[in-house]
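Coordinate inspection notes
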Amino acid sequence: MPVAGRATLAQFLIEERRRAPEATGDFDALLADIALACKAIARRVAHGALQGDIGGTGSHNVHGEEQKPLDLASNEIFLRATEWGGHLAGMASEELELPYAIPSHYPRGKYLLLFDPLDGSSNIDVNMSVGSIFSVLRAPRPGAHAVLDDFLQPGTAQVCAGYAVYGPSTMLVLTIGRGTHAFTLDPDLSEWVLSHAHLRVGPSAREFAINASNSRFWEPAVKRYVDECLAGVSGPRGADFNMRWIASLVAESHRILMRGGVFLYPCDTRAHTRHGRLRLLYECNPIAFLIEQAGGMASTGERRMMDEQPTGLHQRSGFVFGASEEVERIEQYHRETPDVTIGE
């Protein structure tokens, strides 16, 4: 191995493919295209204001959120890097209202790709960590143009999920169903190098992440959980907790995978978040897959996230994940504490 005895992403995938002699290599090639897209986005993010990517565009995506120049650029990078290889039957993006059809002059393959091209883009202007999230599904009709219903598969159907985090170092974290592994981008070689194999999320935690500015809208179960944590060593939990909030799902996920904790973005009583805030298919499900493969739990707040049956491409959900004991406690509180009427 050329990088201090560590495997590169390509070597890692080859070793994994040897476990499945019937594999054709299409999956590895698709991941290589995704990894290339993440490198290109990392380079664009690193240039920041020098490339004119700071500020807004005046346009909004399907969710009504203002699009940053890097949102649009990252979306284009993902599309261009992955549409041509013949591995995909279709794509879906946070930035596009409808599924993206593979251009007719390219062959269509047996996988579907769903992605959030630049998560946490509200942090771009202040130079904080952002990232890209992706999920890979099998196409129900390989070789045919994908239609909307093809994407509406539960998280348990994922064959791969991951994210890239663009921070002090650029890292790619992924699972193909046999553990969660992190690769750091070596800037000299421009290679992804395995730096953290088999990441684990411990069952207990003394750190939680939630946007406390929304506390007046929380359901009773969430308020009970946070109040108990804030009560510290003299409260019912008998321990002091730290609270964190970065406003970037990738950054929050990365911290939990690296040092533990629990993350909450719950449903609340406001009309626009009564079903949650994060998108099920290309935010919640891929992160849930990564967390579960690292030994943690991922939930809607009441039940397992990856068992949810999607009904819409941009469907939203409440999301709680991380240390299993904490996630189980939050689910228990929802069972014990009646929730207020949503949408009041």
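The paragraphs below set out a description of the structure included in this document. What you see is a predicted model, and the numbers here were worked out from it, not measured in a lab.

Topic: the sheet that holds strand β12 (residues 297-299)
The strand order β9-β8-β10-β14-β12 describes an open sheet built from five strands, whose pairing is mixed. On the outer flanks of this sheet lie β9 (242-244) and β12, each paired with one strand and no other. Averaged over neighbouring strand pairs, the angle between their axes works out to 15° when direction is ignored.

Considerations on the pattern of salt bridges
In total, this model carries 23 salt bridges according to the counting rule given. A salt bridge links glutamate 207 to arginine 255; the nearest nitrogen and oxygen atoms lie 3.5 Å apart. Here the residue glutamate 207 occupies a position in strand β8 (residues 207-209), and arginine 255 occupies one in helix α5 (residues 249-259), the gap between them amounting to 48 residues. The pair glutamate 207 / arginine 255 is uniform in exposure class, with both members buried. For arginine 304, the salt bridge is made with glutamate 292, and the minimal N-O distance between the two is 2.8 Å. One end of the pair, arginine 304, is in the loop between β12 and β13 (316-317); the other, glutamate 292, is in helix α6 (residues 280-293), and 12 residues separate them in sequence. The class for arginine 304 is partly exposed, based on a relative accessible area of 33%. Glutamate 292 gets classed as partly exposed once you look at its relative accessible area, which sits at 23%. The structure contains a network of salt bridges with shared partners spanning Glu207, Arg244, Glu252, Arg255 and Arg259.

Looking at the side chain of glutamine 158
By the secondary structure assignment, glutamine 158 is in the loop between β3 (130-138) and β4 (160-166). There is a polar contact of 3.0 Å between the side chain of glutamine 158 and the backbone oxygen of glycine 155. Here the side chain of glutamine 158 touches asparagine 285 through a polar contact of 3.1 Å, landing on its backbone oxygen. Discounting chain neighbours no more than four positions away, the residues touching glutamine 158 are Ser135, Val136, Leu137, Asn285, Pro286, Phe289 and Met306.

A closer look at unusual backbone geometry
A positive phi angle, close to 55°, is found at serine 190, a residue other than glycine. Inspection of the secondary structure puts serine 190 in the loop between β6 (180-186) and β7 (191-196). Even without a glycine there, the phi angle at histidine 198 is positive, about 50°. Here histidine 198 lies in the loop between β7 and β8.

Looking at the packing of helix α2 (residues 26-47) against helix α3 (residues 69-82)
Where α2 meets α3, the axes come as close as 9 Å, and the angle between the chain directions of the two elements is 155°. Looking at the two axes, α2 sits roughly antiparallel to α3. The two elements α2 and α3 meet at a crossing, and its hand is right-handed. Residues Asp33, Ile34, Ala37, Cys38, Ala40, Ile41, Arg44 and Val45 of α2 form the contact with α3, whose participating residues are Leu70, Ala73, Ser74, Ile77, Phe78, Ala81 and Thr82.

Quick notes on the sheet that holds strand β2 (residues 111-119)
On the basis of which strands lie adjacent, the open sheet formed by seven strands has the order β1-β2-β3-β4-β5-β6-β7 and mixed pairing. Strands with a single pairing partner mark the edges of an open sheet, and in this sheet they are β1 (88-93) and β7. In this sheet, adjacent strand axes meet at a mean angle of 25° when their direction is disregarded.

Here is what the cut-offs are and how they apply
Residues numbered from 1 in each chain as written. Predicted model: local features only at pLDDT ≥ 70, side-chain atom pairs only at ≥ 80, totals over all residues. Heavy atoms only, no water. Pairing = 2+ DSSP bridges. Helix = DSSP H or I, 4+ residues; strand = E, 2+ residues; numbered from the N terminus. Axes fitted to C-alpha atoms, helices over the stretch in contact; angles between N-to-C directions. Salt bridge = Lys/Arg side-chain N within 4 Å of Asp/Glu carboxyl O. Buried < 20%, exposed > 50% of the residue type's maximum accessible area, 1.4 Å probe, protein only. Polar contact = N/O pair within 3.5 Å; in protein donor to acceptor, adjacent residues only side chain to side chain. Contact = heavy atoms within 4.5 Å. Parallel < 35°, antiparallel > 145°, perpendicular 65-115°, else oblique. Left-handed = near helix turned anticlockwise from the far one by under 90°.

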